[in-house]
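Residue-level structural notes
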Amino acid sequence: MSGNPYPLGLRLAGRRVVVVGGGAVATRRVPALLDAGADVLLVAPELTPALRAHVDAGRLHWAPRRFAPDDLDGAWLVQVAIDDPLAAASVSAAAAERRIFCVRADDRAAATAWTPAVTRHGPVTVAVLGGGDPRRAMAVRDAVRALLEVREGTLSTPAAPEGTTSGTRPGRVALVGAGPGDPELITVRGWRLLTEADVVVADRLVPGLLLDELRADVELVDASKIPYGPSRAQEEINRILVDRALAGRSVVRLKGGDPYVFGRGGEELLACAAAGVPVTVVPGVTSSIAAPAAAGIPVTHRGVAHEFTVVSGHVAPDSPASLVRWDALAGLRGTLVVLMGLKNLAAITATLIAHGRPAQTPAAVVQEATTGAQRVLRSTLGAVAADVVAAGLRPPAVVVLGDVVDTLAGAGAAGLPDSPLAPGGQADPVE
């Protein structure tokens, strides 16, 4: 079938969209559907950890099995994110019978709809179709994005040096901080390196919409899916970074927040350096500062706090593996920001109180900061652990302890209304 595609912006809020497949392609496409407010049904026997996180958070529905034609009943759109041509064709046939547009990741020619190269700049969404050539669409998309950001030149993938090919040019690794959750909070340099990447190794907490903007031929490695325990998994991540770079590929290790704030960026840099692989480190906006800010809490404030301390709470205070001097932290007068501490929050707060931090110290917990799912709970040091359980808060969440919690209460921040709560209250979503 010939003819130019007809461009159209679909308003999917509240409408059923079926995604068939639970791998890397679905991981990249689902966030944009959720951002559009679609009622997503994901049909796949298995899911990546990133997709499973969406299921666990109640953002989409999951049918843990193979596709059945009845899955399309009531659907407005279907995206086929599998690489089995026969299975994909069966989904296309079922969609055609029901006159439902079907996006095919495996075969653009067989699809009745294409996914464009997309860039977002505030309220502006630019979608580019390249006549069936994804690279052309990406190059134009990147040039448009550069213009929207009022910068000269384009950010498309640079040509390989003369006499080299993609398989022979020197490889490289970039450790890029993706920021706290809002895709627009990645740095310009981080985004540019992402557009140039051949391989992206992503953590579970990176903004999903950034993955939606990757070129179709980019190898996406879901780092949270790598098996074994934490140490073995890190060894495997290091191996992937080194192997892909030595093969002449541009690799981006994309991390939520900042690579060096509890992100194991130092370990990855050392592994690359040992193998002779050049590394670029691009700092990111860390959630330790961004999450409080998004909730209307400055980590420092004149006359209130002259210091702030960021600490990991993933190890319980009484564990022999803990490297944190909780007794010393209890004696500080400034702000204490705890990352990865929700699981051990009861033990952490009890330890701080036992070593002298007043139980009435203002406390706040910010879940999924800077995203549409952000929730803010305000409490006190003595009550916050119980209030978190009662409100049903879940990771990722940042805990803030100190008088700064009440400094700007009610004023709001970052264009988002605040959610002040009395102890024992329910956390409200920030819309």
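In short, a report on the structure.

1. Describing unusual backbone geometry
Cis geometry is adopted by the peptide bond preceding Pro 396, which originates at Pro 395 and carries an omega value of 0°. In this fold, Pro 396 is placed in the loop between helix H12 (384-391) and strand E17 (397-401). For Phe 262, which is not a glycine, the phi torsion comes out positive at approximately 55°. A positive phi angle, close to 50°, is found at Glu 368, a residue other than glycine. Looking at where Glu 368 falls in the secondary structure, it is placed in the loop between strand E15 (362-367) and strand E16 (375-380).

2. Considering the packing of aromatic side chains
Evaluation of the coordinates by the stated rule reveals zero aromatic pairs. When the ring centre of Trp 76 is taken as reference, the NZ or CZ atom of Arg 15 above it lies at 4.6 Å. Arg 108 extends its terminal NZ or CZ atom over the ring of Trp 114, reaching a point 4.3 Å from the ring centre.

3. A closer look at the sheet that holds strand E10 (residues 219-222)
Taken together, five strands build an open sheet; the order of strands is E10-E9-E11-E8-E12 and the sheet is parallel. Where the open sheet ends on each side, the last strands, each with one partner, are E10 and strand E12 (279-282). Across the sheet, the axes of successive neighbouring strands diverge by a mean angle of 15°, strand direction being ignored. The pairing of strand E8 (residues 172-177) with E12 spans four bridges and is classified as parallel. Following the sheet pairing, Ala 174 is matched in E12 by Thr 280. Running at roughly 175° to E8, helix H8 (residues 265-274) makes contact with E8, strand E11 (250-255) and E12 of the sheet.

4. A word on the pattern of salt bridges
Scanning the model with the defined rule gives 25 salt bridges in all. Asp 217 is paired through a salt bridge with Arg 135; the nearest N and O atoms lie 2.4 Å apart. Here Asp 217 is found in the loop between helix H6 (208-212) and E10, whereas its partner Arg 135 is found in helix H4 (residues 134-148), with 82 residues between them in sequence. Residue Asp 217 is classed as partly exposed on the basis of its relative accessible area, which comes to 38%.

5. Digging into the sheet that holds strand E2 (residues 39-43)
The sheet built from five strands is open, its strands ordered E3-E2-E1-E4-E5 with parallel pairing. Taken across any chain shown, the strands that pair with only one partner, and hence form the sheet edges, are strand E3 (61-63) and strand E5 (101-104). Here the average twist between neighbouring strands, direction ignored, is 20°. Pairing between strand E4 (residues 75-80) and E5: four bridges, direction parallel. Each residue of the ladder has a partner; that of Gln 79, found in E5, is Val 103. Along the sheet face, helix H3 (residues 85-97) touches strand E1 (16-20), E4 and E5 and points at about 165° away from the line of E5.

6. Some points on the nonpolar core
Counting residues in hydrophobic clusters, the biggest one holds 22 residues, and the most contacted among them are Leu 336, Leu 352 and Val 365. Of all the secondary structure elements, the ones that give two or more residues to this core are helix H10 (326-330), strand E14 (335-339), helix H11 (345-354), E15, H12 and E17. Here this core takes four residues from H12, the largest share from any one element. Those residues in contact with Leu 336 that sit more than four places away from it in its chain are Thr 309, Val 311, Trp 326, Leu 329, Leu 352, Val 399, Val 400 and Leu 401.

7. Details of the environment of Cys 272
Mapped onto the secondary structure, Cys 272 falls in helix H8. Considered as a pair, Cys 272 and Val 173 are 99 residues apart in the sequence and their alpha carbons are 7.9 Å apart.

8. Concerning H12
An α-helix turns once per 3.6 residues; consequently, residues spaced three or four apart project the same way. Looking at H12, one finds that the buried residues are Val 384, Ala 385, Asp 387, Val 388 and Ala 391. The arc that holds every buried residue of H12, seen down its axis, measures 165°, which confines them to one face. Exposed residues lying more than 90 degrees from the buried face of H12 are Ala 386 and Val 389. The elements touched by buried residues of H12 are H11, E15 and E16. Gly 392, located one to two residues past H12, shows a positive phi value of around 75°.

Cut-offs used in this document
Residues numbered from 1 in each chain as written. Predicted model: local features only at pLDDT ≥ 70, side-chain atom pairs only at ≥ 80, totals over all residues. Heavy atoms only, no water. Helix = DSSP H or I, 4+ residues; strand = E, 2+ residues; numbered from the N terminus. Phe/Tyr/Trp six-rings, centres within 6.5 Å; stacked < 30°, edge-to-face > 60°. Lys NZ or Arg CZ within 6 Å of the ring centre and 35° of its normal. Pairing = 2+ DSSP bridges. Axes fitted to C-alpha atoms, helices over the stretch in contact; angles between N-to-C directions. Contact = heavy atoms within 4.5 Å. Salt bridge = Lys/Arg side-chain N within 4 Å of Asp/Glu carboxyl O. Buried < 20%, exposed > 50% of the residue type's maximum accessible area, 1.4 Å probe, protein only. Core = buried A, V, L, I, M, F, W, Y, C linked by side-chain atoms within 4.5 Å. Arc of directions from axis to C-beta.

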